[in-house]
Amino acid sequence: MIELVDLSKRYKQTEAVKKVNLFIERGEIVGLLGPNGAGKSTLISMLASLLEPTSGDVRFQKKSVLRNPQPLRKVIGMVPQDIALYEDLTAEENLHFFGRIYRLKGKELKKKTEEVLEQIGLTEHRKDIVKRFSGGMKRRLNIGVAMLHEPELIIMDEPTVGIDPQSRNYILETVKRLNEEKKMTVLYTSHYMEEVEFLCDRIYILDKGNLIASGTKDEIKDIISLERALSIKADRWENEFVTKLKGNPLISRIHVEEKEITVIVPREVNMFSAIIQIAEETGQELNSVNRKDPTLEDVFLHLTGRALRD
Ligand SMILES: Nc1ncnc2c1ncn2[C@@H]1O[C@H](COP(=O)(O)OP(=O)(O)OP(=O)(O)O)[C@@H](O)[C@H]1O
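Calculation criteria
Residues numbered from 1 in each chain as written. Predicted model: local features only at pLDDT ≥ 70, side-chain atom pairs only at ≥ 80, totals over all residues. Heavy atoms only, no water. Buried < 20%, exposed > 50% of the residue type's maximum accessible area, 1.4 Å probe, protein only. Helix = DSSP H or I, 4+ residues; strand = E, 2+ residues; numbered from the N terminus. Arc of directions from axis to C-beta. Contact = heavy atoms within 4.5 Å. Near = heavy atom within 4 Å. Polar contact = N/O pair within 3.5 Å; in protein donor to acceptor, adjacent residues only side chain to side chain. Areas by Shrake-Rupley, 256 points an atom, 1.4 Å probe, with all protein chains shown as cover. Core = buried A, V, L, I, M, F, W, Y, C linked by side-chain atoms within 4.5 Å. Phe/Tyr/Trp six-rings, centres within 6.5 Å; stacked < 30°, edge-to-face > 60°. Lys NZ or Arg CZ within 6 Å of the ring centre and 35° of its normal. Salt bridge = Lys/Arg side-chain N within 4 Å of Asp/Glu carboxyl O. Pairing = 2+ DSSP bridges. Axes fitted to C-alpha atoms, helices over the stretch in contact; angles between N-to-C directions. Domains from an automatic or database assignment. Patch = residues over 30% accessible without salt bridge, like charges linked within 9 Å, V, L, I, M, F, W, Y side chains within 5 Å.

**A short note on helix α9 (residues 239-247)**
Every buried residue of α9 is listed here: Phe-241, Val-242 and Leu-245. Projected onto a plane normal to the axis of α9, the buried residues spread over an arc of 95° and lie on a single side. Turned more than 90 degrees from where α9 packs its buried face, Asn-239, Thr-243, Lys-246 and Gly-247 sit exposed. If you follow the buried residues of α9, they end up packed against β11 (227-233), β12 (253-256), β13 (260-266) and α10 (272-282).

Okay, structure coming up:
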């Protein structure tokens, strides 16, 4: 359906996107994963022909859209990161307003508005002023606006940032449902691994403007099949314990959080006893040491040496 070919964007000093190649097939949910500043917003703005690339091409049904973006624009619904709604209007009034921009009117506009309110779970709040909505409700309405003209492809730029868990789940379920029932193709960007793992058929991982991995979840997790991730848990860390782990030559990657340390080690090495020994030597009390099934988060740590949300 859509193909990006060697797509790049440079803003003065910053190379925000570097020669990215990516494709989206009809009916897929594709995840674009990367930490803040990785270039996700820049990439999807170029894909939606809202931003001109420095070089490379965007193709829709095998034709370049750079000179002729209209056919692509017609089938795209874009959910921006920033909420774009009229705060003093009700949910329904907002949908009517944006519906008219999409040239919907009369009975059709009414019908689409009702359908969208139902899909985003805001039917009961249709007459409420948006100003009084929670952050999560506003986001849901923002998604509703992008769905009014029944886009074939919906692009969502981190739609769950800064909202409560309940709204977040609601949004994730809605995306799944739209894909299954309406056969909507979805490009979903996020820096939350678990969202992408839950939703997406295929995943692209972007870091500092470069695509560093792509494939199905299993393919991506296979990247670290020669290694394994171990989780070490404790209430607090002794500095010396952490220093010794960091200095251990068998540990290729380490990520330290308040109560959990994740280490990546070669598959054939039995690190359990070594970790317990280091703990004994340094007076570190441990709650547990467990082998973890690799998550996409671990893959990112493996590939970049950094955690996604550092
Ligand atoms: N208009 C702009 N002018 C100059 N630099 C920019 C502009 N927009 C983005 N950048 C830079 O390009 C890089 C990629 O930014 P982008 O917003 O695409 O990343 P992102 O992955 O979407 O991150 P976030 O989740 O924080 O939005 C960053 O270094 C950013 O500072």
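More follows now that the structure is in view.
**Regarding the site of the ligand**
Looking at the ligand, there are 13 residues lining it, with Gly-37, Lys-40, Ser-41, Thr-42 and Glu-158 nearest. With respect to the ligand, the side chain of Tyr-11 contributes an N or O atom lying 3.5 Å from a nitrogen atom. Contact between the ligand and Lys-40: an oxygen atom at 2.9 Å from a main-chain N or O atom of the residue. Coverage of the ligand by the protein chains reaches 60% of its 630 Å² of free accessible surface. Elements supplying a minimum of two residues to the shell around the ligand: β2 (14-24) and α1 (40-47).

**A word on the nonpolar core**
Most often, soluble globular proteins have nonpolar side chains that are buried together. Membership of the largest hydrophobic core comes to 44 residues, with the highest contact counts inside it found for Leu-141, Met-147, Ile-154, Val-175 and Ile-203. Per-element accounting of this core gives the leading share, six residues, to helix α5 (residues 135-147). Ignoring anything within four residues of it in the chain, the contact list for Met-147 reads Val-116, Gln-119, Ile-120, Ile-154, Leu-178 and Met-184. Residues Leu-32, Ile-44, Ile-76 and Tyr-204 belong to the second largest nonpolar core, which totals 27 residues.

**Some words on the packing of aromatic side chains**
The final tally for this structure, using the stated rule, is four aromatic pairs. Ring centres of Trp-237 and Phe-241 lie 6.0 Å apart, and the angle between their planes is 10°; on these two criteria the pair is classed as stacked. Note on accessibility: Trp-237 and Phe-241 belong to one class, buried. Aromatic ring contacts, followed pair by pair, group Tyr-86, Phe-97 and Phe-98 into a single cluster. Positioned above the aromatic ring of Tyr-170 is the side chain of Arg-140, whose terminal nitrogen or guanidinium carbon lies 4.4 Å from the ring centre. Lying over the aromatic face of Phe-23, Arg-202 brings its terminal NZ or CZ to 4.0 Å of the ring centre.

**What to know about the pattern of salt bridges**
If you walk through the whole model with that rule in mind, you get 18 salt bridges. Linking Glu-158 and Lys-40 is a salt bridge whose minimum nitrogen-to-oxygen distance equals 3.2 Å. Of the two residues, Glu-158 sits in the loop between β7 (153-157) and α6 (165-182) while Lys-40 sits in helix α1, which places them 118 residues apart along the sequence. Overall, the relative accessible area of 4% leaves Lys-40 in the buried class. Residues joined by salt bridges that share partners form a network here, namely Lys-112, Glu-115, Glu-150 and Lys-182.

**Brief notes about the sheet that holds strand β14 (residues 288-292)**
The strand order β12-β13-β11-β14 describes an open sheet built from four strands, whose pairing is antiparallel. Of all the strands in the sheet, just β12 and β14 have a single pairing partner and so form its edges. For this sheet the average axis-to-axis angle between neighbouring strands, irrespective of direction, equals 20°. Across seven bridges, the pairing between β11 and β13 is antiparallel. Residue pairing across strands places Arg-228 opposite Val-265, the latter belonging to β13. Sitting on the sheet, α9 is in contact with β11, β12 and β13, with an inclination near 160° to β12. Across the sheet, α10 touches β11, β13 and β14, and the angle it forms with β14 is around 155°.

**A word on the domain arrangement of the protein chain**
Domain annotation for the protein chain reports domain 1 (2-220) and domain 2 (225-293). A C-alpha centroid distance of 39 Å is found between domain 1 and domain 2.

**Points about a nonpolar patch on the surface**
Taken together, the side chains of Tyr-86, Phe-97 and Ile-101 present a nonpolar region at the surface, about 290 Å² in accessible area. Looking at the element boundaries, Tyr-86 is found in the loop between β6 (76-79) and α3 (91-101). We classify Tyr-86 as partly exposed; its relative accessible area is 41%.

**A few points about unusual backbone geometry**
Its identity as a non-glycine residue notwithstanding, Lys-183 has a phi of 55°, on the positive side. Positionally, Lys-183 belongs in the loop between α6 and β8 (185-190). Residue classification places Lys-183 among the exposed residues on the basis of a relative accessible area of 59%. Unusually for a residue other than glycine, Lys-208 sits at a positive phi of about 50°. Position of Lys-208 among the secondary structure elements: in the loop between β9 (202-207) and β10 (210-216). Taking the relative accessible area as the measure of exposure, Lys-208 reaches 52% and is therefore exposed.

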